[in-house]
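Spelled out, the chains give:
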Amino acid sequence: CALAEVAHRYDYVRPELFDDRRINLKNSRHPVVEQSMGAGEFVPNDLCLDDEHGWLHLITGPNMAGKSTVMRQVAVTALMAQIGSFVAADEAEIGLVDRIFTRVGATDDLSRGQSTFMVEMSEAAFILNHATQNSLIILDEIGRGTSTFDGLSIAWAVAEYVHDHLEARTLFATHYHELTELARTKESVRNCHVAVREWNDEVVFLRKLQPGATNRSYGIQVGRLAGLPEGVI
């Protein structure tokens, strides 16, 4: 009854479910985030994971641009569809998933001797050891808590392993722009980015997912937005 109420109130659509592994969303939205914003402020996005458009999407772009929101709304949409709910989109074609795996955020478990990086590696290991071809994987950064070369090497190897051995539908957000080179050699890897626009030394977040890679993360501009002292900037 509650799901029917929100579907009617917030213009959700009935998803089409399939036995294959496609996820095709048109004007997908995050059902929670859009409620925290004003009417019409949330920017919807299209996304397609299938044979033609690739199973592993590498998502680049600045901090605060909306990479995490896009990935999470895909996972939430898949979950809602499989519990029988309408979903926050204009159109939704969803192949059933056996499990949804996520590696997001930064946490530690110091009482058990696990650093932030160790937790990240443990979560990544669990995913790589348990995901199947029918799973949906959300990787929001891999390799952040160690040296640049170590982190990039781990992120690269994880992406290759997912592509070569798991063949699972995967959204992988990263600030390691070197990873975008994988699209040249891996058949099912696609690059996409969340668009921004530069204006008067400022960065304007457009929140729109677009094809292709970007080679900047605008970390300094985000630091300025956060209020770092001008001397630091």
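Note that this is a predicted model, so its numbers are computed, not measured. (Residues numbered from 1 in each chain as written. Predicted model: local features only at pLDDT ≥ 70, side-chain atom pairs only at ≥ 80, totals over all residues. Heavy atoms only, no water.)

Caption draft 1: Representation of the packing of aromatic side chains in the model. Counted by the stated rule, this structure contains two aromatic pairs. For the ring pair Tyr10 and Tyr12, a centre distance of 6.4 Å and an interplane angle of 45 degrees mean the geometry is tilted. Centre to centre, the rings of Phe101 and Phe126 are 6.3 Å apart; their planes meet at 50 degrees, and the pair counts as tilted. Placement of Phe101 in strand β6 (residues 100–103) and of Phe126 in helix α3 (residues 116–130) is noted, with a sequence separation of 25 residues between them. On the basis of relative accessible area, Phe101 is assigned to the buried category, the value being 5%. Sitting over the ring of Trp55, Arg21 keeps its end group 3.9 Å from the ring centre. Of note, Arg22 hangs over the ring of Phe18, and the distance from its end group to the ring centre comes to 3.6 Å. (Phe/Tyr/Trp six-rings, centres within 6.5 Å; stacked < 30°, edge-to-face > 60°. Helix = DSSP H or I, 4+ residues; strand = E, 2+ residues; numbered from the N terminus. Buried < 20%, exposed > 50% of the residue type's maximum accessible area, 1.4 Å probe, protein only. Lys NZ or Arg CZ within 6 Å of the ring centre and 35° of its normal.)

Caption draft 2: Quick look at the pattern of salt bridges. Under the criterion given, the structure shown has eight salt bridges. Here Arg9 ties to Glu5 by a salt bridge, and the two come within 2.7 Å at their closest N and O atoms. In this pair, Arg9 and Glu5 both sit in helix α1 (residues 2–9), four residues apart, roughly one turn of the helix. Of the charged contacts, one joins Arg22 and Asp20 as a salt bridge, the two residues approaching to 2.6 Å between their closest N and O atoms. A residue is classified by how much of its surface remains accessible, and Asp20, at 31% relative accessible area, is partly exposed. Within the structure, one salt-bridge network assembled from shared partners comprises Asp20, Arg22 and Glu93. (Salt bridge = Lys/Arg side-chain N within 4 Å of Asp/Glu carboxyl O.)

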